[in-house]
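What follows is the residue order along each chain.
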Amino acid sequence: MSATETMDTVDKSAGKSDARFRFDNLGLTLVLLALIILFTLINPRFASFSNLINVLTQASTYIIVAIGMTFVITKGGIDLSVGAAMALTTCITFDLLDGGLHYIPALAVLFTVSIILGAINGLIVTFLAVPALIATLGTMVTFRGIALLHSAGELYYGLPPELVWLGQGKIGVIPVPVIVTVLFVLVAHWLFNLSTFGVHVRAVGGNTEAARLAGIRVNRITIATYGFMGIAVGLGGLLWMARIDGTQATLGTAMEIHVIAATIIGGTSLFGGRGTLYGTVLGGLLLTMLNNALVIAGVEFFWQLVAIGIIVITAVTINNIRENRITWISDLRSRSGSRN
């Protein structure tokens, strides 16, 4: 097969990004609606307009970072360093603002640093051939350690009003973080579904060697994907610190679990090659709604962690069943089919 033929094959198979997940997304949408009804029956406060707006605002940061994670996982990677990178970039930004730097160049530094941190993950994975899980586990610890060394346990607070508006302001009745999230999702949708970059991301995740033979620059796509992850982390960190008007070196602890869970719950294949941004948004909303409902019900934080852990395992199990990766279930399906 020639390189051109291989490229055609890769593009055709990888280009159907969300089409194969429409049924799953419909199911997840129904689950989301059912949970809203259930939580409202348990506690009518859940369905109040103010609480639903609060859920959307809380979900904003997680959805943005989970969108970046969707690109990474679809590419066949993983990123465990997102929370630590967010803490480091926001601490550096606050330090610059406290030193008298205007907020516009400070934001430029925030996004530059976050992109560099993401690109570092990509460089380690590509040029040092370190598996993404190990590479980002290492950078997670490294970034968090640097953040702790940099801040020395200091709690930063007191942003310029223009930045606080990004986290706490409203346009009409819609919070600014929600509007920013919608705009980011639309841009990501174009990148993921309508651009060559998105096609190449899915191609590399689906079959790295075939993508390389087709002429796709695999290393460049990997680094660019982690760089985009950095943009998502920077934007998510900006909204988070603007919403709470502060930051510290422990910001974003365990965020990687939430965003990976949202991505997998949404239907993105943990093994690469296929992803759905719509499903990721639903997954982020579902997890945030669950946390919110548990808080309203007075459930302890530790039980919230237990619930999220169970959801992660369940989501991965469903993913494995969908892709016939559990041998005994596949055997049962085969036997049932042969009988019919």
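Residues numbered from 1 in each chain as written. Predicted model: local features only at pLDDT ≥ 70, side-chain atom pairs only at ≥ 80, totals over all residues. Heavy atoms only, no water.

A. Expanded view of the overall build of the chain. Assigned secondary structure in the chain consists of 15 helices and 4 strands. The proportion of buried residues among the 340 residues of the chain is 51%. Taking contacts inside the chain between residues at least 6 apart in sequence as the whole, the part at least 24 apart equals 80%. Summing over all exposed atoms, the chain offers an accessible surface of approximately 15900 Å²; the carbon and sulfur share of this is 68%. (Helix = DSSP H or I, 4+ residues; strand = E, 2+ residues; numbered from the N terminus. Buried < 20%, exposed > 50% of the residue type's maximum accessible area, 1.4 Å probe, protein only. Contact = heavy atoms within 4.5 Å. Areas by Shrake-Rupley, 256 points an atom, 1.4 Å probe, with all protein chains shown as cover.)

B. Region of interest: helix 6 (residues 132–151). Taking 1.5 Å of rise per residue, 20 residues should cover 28 Å, and helix 6 covers 28 Å from first to last C-alpha, within 8% of that figure. If you check which residues of helix 6 are buried, you get Ala-132, Ala-135, Thr-136, Thr-139, Phe-143, Arg-144, Ala-147 and Ser-151. Buried positions in helix 6, seen along its axis, are confined to an arc of 155° and lie on one side of it. Of the exposed residues in helix 6, those oriented more than 90 degrees away from the buried face are Val-141 and Leu-149. If you follow the buried residues of helix 6, they end up packed against helix 4 (82–98), helix 5 (103–127), strand 1 (156–157) and helix 11 (218–244). The positive-phi residue at the C-terminal boundary of helix 6 is Ala-152, with phi of around 55°. (Expected span 1.5 Å × (residues − 1). Arc of directions from axis to C-beta.)

C. Looking closely at the pattern of salt bridges. Under the criterion given, the structure shown has 1 salt bridge. Salt-bridge contacts for Glu-209 lead to Arg-212; the nearest nitrogen and oxygen are separated by 3.1 Å. Of this pair, Glu-209 and Arg-212 both sit in helix 10 (residues 208–213), 3 residues apart, which is roughly one turn of the helix. Residue classification places Arg-212 among the partly exposed positions, given a relative accessible area of 41%. (Salt bridge = Lys/Arg side-chain N within 4 Å of Asp/Glu carboxyl O.)

D. Structural detail: the side chain of Thr-222. Mapping Thr-222 onto the fold places it in helix 11. For Thr-222, a relative accessible area of 4% gives the class buried. Among all residues touching Thr-222, those that are not within four sequence positions of it are Lys-75, Gly-122, Val-125 and Thr-126.

E. Spatial organisation of helix 5. For helix 5, with 25 residues, the first-to-last C-alpha span of 35 Å sits near the 36 Å given by 1.5 Å per residue. Burial in helix 5 covers these residues: Ala-106, Leu-107, Leu-110, Ser-114, Leu-117, Gly-118, Ala-119, Asn-121, Gly-122, Val-125 and Thr-126. Along its buried surface, helix 5 packs onto helix 4, helix 6, helix 7 (161–168) and helix 11. One or two positions beyond helix 5, positive phi appears at Ala-129, with a value near 55°.

F. Local environment of the packing of aromatic side chains. Taken as a whole and assessed by the stated rule, the structure comprises 7 aromatic pairs. Ring centres of Tyr-62 and Trp-240 lie 6.1 Å apart, and the angle between their planes is 55°; on these two criteria the pair is classed as tilted. Placement of Tyr-62 in helix 3 (residues 49–74) and of Trp-240 in helix 11 is noted, with a sequence separation of 178 residues between them. On the basis of relative accessibility, which here comes to 16%, the residue Trp-240 falls in the buried class. Measuring from ring centre to ring centre gives 6.2 Å for Phe-71 and Phe-197, while their planes differ by 20°; the resulting arrangement is stacked. In this pair, Phe-71 is assigned in helix 3 and Phe-197 in helix 9 (residues 196–206), connecting sequence segments 126 residues apart. A relative accessible area of 0% places Phe-71 in the buried class. One aromatic cluster is present, built from ring pairs that chain together Phe-71, Phe-184, Phe-192, Phe-197 and Phe-228. A cation over an aromatic ring shows up here: Arg-202 above the ring of Phe-192, its NZ or CZ 5.2 Å from the ring centre. (Phe/Tyr/Trp six-rings, centres within 6.5 Å; stacked < 30°, edge-to-face > 60°. Lys NZ or Arg CZ within 6 Å of the ring centre and 35° of its normal.)

G. Region of interest: the nonpolar core. The biggest cluster of nonpolar side chains holds 87 residues, and the ones touching the most others in it are Val-65, Ile-67, Phe-71, Val-82, Leu-159 and Met-229. Per-element tally for this core: the top contributor is helix 11, with 13 residues. If near-sequence neighbours (up to four positions away) are discounted, Phe-71 is found in contact with Ala-188, Leu-191, Phe-192, Phe-197, Val-201, Thr-225, Phe-228 and Leu-277. (Core = buried A, V, L, I, M, F, W, Y, C linked by side-chain atoms within 4.5 Å.)

H. Looking closely at the layout of surface pockets. Quantified by volume, the largest pocket comes out at close to 480 Å³. Lining the largest pocket we find 23 residues, and of these Tyr-62, Trp-240, His-258, Asn-291 and Phe-301 sit closest to its centre. When contributions to the lining of the largest pocket are tallied by element, the ones reaching two or more residues are helix 3, helix 11, helix 12 (255–265), helix 13 (277–296) and helix 14 (301–322). Considering every element that reaches the lining of the largest pocket, the biggest residue donor is helix 13, with 6 residues. (1 Å grid on protein atoms, 1.4 Å probe; cavity = no way out; pocket = protein on both sides within 12 Å on 5 of 7 lines; lining within 4 Å. Points joined across faces, edges and corners; volume = space filled by probe spheres on them.)

I. Spatial organisation of the packing of helix 4 against helix 12. In the contact formed by helix 4 and helix 12, the axes pass within 7 Å of each other and the chain directions differ by 125°. For the element pair helix 4 / helix 12, the angle class is oblique. Residues Val-82, Gly-83 and Met-86 of helix 4 form the contact with helix 12, whose participating residues are Met-255, Glu-256 and Val-259. Partitioned by chemical class, the residues of the contact of helix 4 with helix 12 number 4 nonpolar, 1 polar and 1 charged. (Axes fitted to C-alpha atoms, helices over the stretch in contact; angles between N-to-C directions. Parallel < 35°, antiparallel > 145°, perpendicular 65-115°, else oblique. Nonpolar A, V, L, I, M, F, W, Y, C, P; charged D, E, K, R; others polar.)

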